[in-house]
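Examining the three-dimensional arrangement
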Amino acid sequence: MSTDFNIVSEIHNDTLVMKTDGYINNTGGEQIVLEFSKHVSNINKVVLDLAKSKVVNSIGISYLLEMVETLNQNDGKLYFTNLDPTIEKTFKIMGLFQFAEKVDSIDSVLK
Amino acid sequence: MKQNQLVEKLSLQAESFQEGFETLIKCGNFEEITKNFWHILRGSFLVTNIILIHKSSLDSEWKLAKSEVEIKKSDLAFLSKKDQLTIKYYEKKKFEVSVVLPLSDSSYLGILLGHKLDNSGFSVFDKITLQILLQVFSSAYDSFLNQRKEKKLVFDLNEKILQLNNLIDTGIELSRLEKQNVLFELALERIASITNASSALIIIKDKENKKVTDQITFPGKISTNKILRSKLKIESSFEFNKKLYQFVLSEKEARKGTTSFSDLDEMLLQAIARQVQASIENEFLLKQSIEKERIQKEMSLAASIQQKIIPEKLPQIVGYELAGINIPSRDVGGDYYDSIDLGEGKYALIMADVSGKGISAALLVSTLNAALYSYLEFNLPTTDLAEKLNKLIYKSSPPDKYITFFAAILDSNSGELDIVNAGHNPGLLLRKDATLENIEAGGTGLGMLDFGFPYTGQRLTLNQGDKLFLYTDGIPEAMNITEEEYSDERMIEFLRNNSDLVPEEFISSIVNDIKKHVGEAEQSDDITCLFLKRN
């Protein structure tokens, strides 16, 4: 498995901001959910900044859906920002935007 | 408790069973279901402890699902090993109840209930309640499995739509890319994404020596060897323009580790590889088309230059008949002929052929033409003329360019010819008595060397009935479809047999004879000749 994936996270009040770098596949998706689960009890909003992630596969998406479901159960929400057009289309087809939202910037969620 | 009291009590509990069921079916995962079921059990039976355990099949190990006390190995002995619903009640044991509940996915839920807090033991009502709650759990679990199955079906369907969509989008995007590296990177990103491959690789090899000329990986930092060494990989390749393009995908991802690539994955890889091939081929054909257009423009320009230099009409020479022709080939050669009135009954007869074809040849003909008109004004002997032209062409042309040149100055009054042949095909002088003389005296082609060697001239007299035939190598070397040349022999034979024709007719006839020989083959060189006859 490729481990060419990095994640940087920050907490702002009830919001977890994660900035990813690399292929959102099994490894990437697992790392995102792992980071999310560390903070899940203290947050109800997650912003994923995908400026440095241009490729995603369906395994990576399954992890994101898992995170969306957990957030929904807790009345929370997932937000995406800096989406590559191809990834945006992928998320749309895979139904992610039924439960998550695309935003222009991290600040628009933090406000 | 009497039966009617029991029914009444259970009726009062019905709403609570319904609420429990609704709570369970709202759960998103197994952990949540067992956690909530644990709370339902606790609310229904006031017991010392409740342990919920689960095993994925009859033979697999029990795993703790929910308990607030530590489970011991010996506790598992309370559980039946049978594959059917088993409820056991105990007296004076660590647990009062043990349950093994088979579930619809062949897994099992194990339940261990401790003693009731009031030590009252499990009543009939409790036993019936337990039965009902087991049914509630089983139904909720079925609902959970159905929801999961439905979600998976929707996910799989969306994934197929995504694959198709990506395939179409990738085809369009690849066809727009010109830089091959960007093309390969995009192809690798897309194929890895739609097949869930962990990594992807393109190796480009020289087809003949098998040497690797380039390799691109996705993700960029992964080593080529790691991909090639993988046991779970698929490949596709194509050849184009003496290069082999090899595509490799390695390690198809699953939520738990890796799995084998499917037939669909192989088809998707082949489809992307074909799209890359089409893009490379299209780019190659586009470049060829642009180059062809450039050459055609150059040829068209060369042809127009040459057209302006070749005389439209030859001068009338009293006592002589003169005709000439130049039929340029498709590639525009550098043939040139002319007849220039020098005054006082003198005429220059010129035949030349520039090495090479195209615009450079046409420009050199143009240079020769301009210089010739300039030098001829000085009434120079042809040998001096050749020397001057040699120096000029040597200086003004690249090393691989030269001109074979034949010049004859005719004094029409005396019939005297002052001739020089600078590396050109020999002029043919056919005497009235059918004697044929080859005129070869001269030197090297113009612009070949500049060592100052003098050109050797030749003086001859054209008598009544004599004919002079000048030509370029496009005539004897004209080839038919089997690459057989028209030849010097056939040309001379034609000259001998048809020299009595009027020059214009003679030229028209020899051109027809050449065309007859060439047949369907393409004209490979200019056909140029000049025929002078003294009446």
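Residues numbered from 1 in each chain as written. Chains lettered and ligands numbered in written order. Predicted model: local features only at pLDDT ≥ 70, side-chain atom pairs only at ≥ 80, totals over all residues. Heavy atoms only, no water.

Here we come to the overall build of chain B. On a plain count of helices and strands, chain B comes out with 10 helices and 21 strands. For 535 residues, the compact-globule formula gives about 24 Å, and the C-alpha radius of gyration of chain B, at 50 Å, lies well above that figure. When its C-alpha atoms are laid out on the principal axes, chain B stretches across 155 × 45 × 35 Å. Classification of the 535 residues of chain B by burial places 47% in the buried group. Considering only contacts within chain B whose residues lie at least 6 apart along the sequence, 64% involve residues at least 24 apart. (Helix = DSSP H or I, 4+ residues; strand = E, 2+ residues; numbered from the N terminus. Rg over C-alpha atoms; globule rule 2.2 N^0.38 Å. Buried < 20%, exposed > 50% of the residue type's maximum accessible area, 1.4 Å probe, protein only. Contact = heavy atoms within 4.5 Å.)

On to the sheet that holds strand E3 (residues 45–52) of chain A. All names here are of chain A. The mixed open sheet is built from five strands, whose spatial order is E1-E2-E3-E4-E5. Two strands lie at the open edges of the sheet, namely strand E1 (5–12) and strand E5 (100–103), each paired on one side alone. In this sheet, neighbouring strand axes are inclined to one another by 25 degrees on average, regardless of whether the strands run parallel or antiparallel. Strand direction decides the pairing type here: strand E2 (residues 15–22) and E3, joined by six bridges, are parallel. Counterpart to Asp21 in the pairing with E3 is Lys52. Running over the sheet, helix H2 (residues 58–73) touches E2, E3, strand E4 (77–81) and E5 and is turned about 135 degrees from E4. (Pairing = 2+ DSSP bridges. Axes fitted to C-alpha atoms, helices over the stretch in contact; angles between N-to-C directions.)

Take the environment of Pro315(B) next. Residues and elements named next belong to chain B. If you trace the backbone, Pro315 turns up in the loop between helix H6 (263–309) and strand E11 (320–327). Each C-alpha atom of the pair Pro315 and Tyr347 lies 8.7 Å from the other, and the pair is 32 residues apart in sequence. Here Pro315 is in contact with Leu322, Ser339 and Tyr347, once residues within four sequence places are set aside.

Turning our attention to the domain arrangement of chain B. What the domain assignment reports for chain B is domain 1 (3–148), domain 2 (177–284) and domain 3 (310–534). Each of domain 1 of chain B and domain 2 of chain B was reduced to a C-alpha centroid, and the two centroids are 53 Å apart. (Domains from an automatic or database assignment.)

Residues and elements named next belong to chain B. Tyr336, Leu372, Leu389, Phe405, Leu446, Leu468 and Leu532 are the most contacted members of the largest nonpolar core, which has 53 residues in total. With 10 residues, the top contributor of residues to this core is helix H7 (residues 359–376). Excluding its chain neighbours within four sequence positions, the residues that come into contact with Leu532 are Ile317, Tyr320, Glu321, Leu322, Leu349, Leu410, Leu462, Asp466, Lys467 and Leu468. Core analysis: the next-biggest nonpolar cluster, separate from the first, contains 32 residues, Leu167, Ala192, Leu269 and Ala271 among them. (Core = buried A, V, L, I, M, F, W, Y, C linked by side-chain atoms within 4.5 Å.)

Okay, the side chain of Lys467(B) next. Residue and element names in this part refer to chain B. Along the polypeptide, Lys467 turns up in strand E20 (residues 467–471). Only 3.5 Å separates the side chain of Lys467 from the side chain of Ser499, close enough to count as a polar contact. Beyond its immediate chain neighbours, meaning those up to four positions away, Lys467 contacts Leu428, Leu429, Leu430, Leu462, Ser499, Asp500, Phe531, Leu532 and Lys533. (Polar contact = N/O pair within 3.5 Å; in protein donor to acceptor, adjacent residues only side chain to side chain.)

Here we come to the packing of helix H1 (residues 3–25) of chain B against helix H2 (residues 30–44) of chain B. Residues and elements named next belong to chain B. Where H1 contacts H2, the two axes come as close as 9 Å, and the packing angle between them is 160 degrees. One finds that H1 runs roughly antiparallel with respect to H2. With respect to the hand of their crossing, H1 and H2 are arranged in right-handed fashion. The segment H1 lies against H2, with Gly20, Thr23 and Leu24 engaging Ile33, Asn36, Phe37 and Ile40. In the contact of H1 with H2, the residues fall into four nonpolar, three polar and no charged. (Parallel < 35°, antiparallel > 145°, perpendicular 65-115°, else oblique. Left-handed = near helix turned anticlockwise from the far one by under 90°. Nonpolar A, V, L, I, M, F, W, Y, C, P; charged D, E, K, R; others polar.)

Residues and elements named next belong to chain B. Ordered by their spatial adjacency, five strands build an open sheet running E11-E21-E20-E16-E17, and the pairing between neighbours is antiparallel. The open sheet is flanked by E11 and strand E17 (436–439), the only strands paired with a single partner. Between one strand axis and the next, the sheet turns through 15 degrees on average, direction left out of account. Packed on one face of the sheet, helix H9 (residues 488–498) meets strand E16 (427–430), E17, E20 and strand E21 (527–534) and runs near 30 degrees to E16.

Let us now look at the packing of aromatic side chains. Residues and elements named next belong to chain B. Scanning the entire structure with this criterion turns up 22 aromatic pairs over all chains. Ring geometry for Phe137 and Tyr141: centres 6.0 Å apart, planes at 10 degrees, overall stacked. With Phe137 and Tyr141 both in helix H3 (residues 124–176) and four residues apart, this pair spans about one turn of that helix. Each member of the pair Phe137 and Tyr141 is classed as buried. Taken together, Phe30, Phe37, Phe137, Tyr141 and Phe144 form an aromatic cluster joined through their ring pairs. Just above the ring of Phe125 sits the side chain of Lys9; from NZ or CZ to the centre is 4.3 Å. Positioned over the ring face of Phe122 is Lys116, at 5.8 Å from the centre of the ring. (Phe/Tyr/Trp six-rings, centres within 6.5 Å; stacked < 30°, edge-to-face > 60°. Lys NZ or Arg CZ within 6 Å of the ring centre and 35° of its normal.)

A separate point is a negative patch on the surface. Residues and elements named next belong to chain B. On the surface, a cluster of negative charge is made up of Glu477, Glu485, Asp488 and Glu489. Checked against the element boundaries, Asp488 lands in helix H9. What makes Asp488 partly exposed here is its relative accessible area of 37%. (Patch = residues over 30% accessible without salt bridge, like charges linked within 9 Å, V, L, I, M, F, W, Y side chains within 5 Å. Areas by Shrake-Rupley, 256 points an atom, 1.4 Å probe, with all protein chains shown as cover. Salt bridge = Lys/Arg side-chain N within 4 Å of Asp/Glu carboxyl O. Lys, Arg positive; Asp, Glu negative; His and termini not counted. Charge placed at Lys NZ, Arg CZ, Asp CG, Glu CD.)

Residues and elements named next belong to chain A. On the question of chirality, the crossover connecting E2 to the parallel E3 by way of helix H1 (residues 26–39) is right-handed. Two elements, E3 and E4, share five bridges in a ladder whose sense is parallel. Bridged to Lys45 within E4 is Lys77. In this view, the connection linking E3 to its parallel neighbour E4 by way of H2 has right-handed handedness. (Right-handed = clockwise from strand over helix to strand, strands pointing away.)

The interface of chain B with chain A comprises 30 residues on the first partner and 24 residues on the second. With both sides pooled, the region where chain B packs onto chain A buries about 2300 Å², and carbon together with sulfur makes up 51% of that total. The largest contributions to the chain B side of the interface with chain A come from Phe155(B), Glu253(B) and Arg255(B), which together make up 29% of the buried area. Seen at the junction of chain B and chain A, the total is 16 residue pairs in polar contact (both at pLDDT 80 or more). For the side of chain B that touches chain A, the secondary structure elements donating two or more residues are H3, helix H4 (180–195), strand E6 (197–206) and strand E9 (243–253) of chain B. (Buried area = accessible area lost by both parts, 1.4 Å probe.)

So, on to H2(B). Residues and elements named next belong to chain B. Compared with the 21 Å implied by 1.5 Å per residue over 15 residues, the 21 Å span of H2 between its first and last C-alpha is a close match. For H2, the full list of buried residues reads Phe30, Ile33, Thr34, Phe37, Trp38, Ile40 and Leu41. Each buried residue of H2 lies within a common arc of 165 degrees when the element is viewed along its axis, so the set occupies one face. Within H2, the exposed residues directed more than 90 degrees away from the buried face are Glu31 and Gly43. Buried residues in H2 make contact with H1, strand E1 (50–55), strand E2 (63–67), strand E5 (108–113) and H3. Two or three places before Glu31, at the start of H2, stands the capping residue Asn29, its side-chain oxygen 3.3 Å from that residue's backbone nitrogen. (Expected span 1.5 Å × (residues − 1). Arc of directions from axis to C-beta.)

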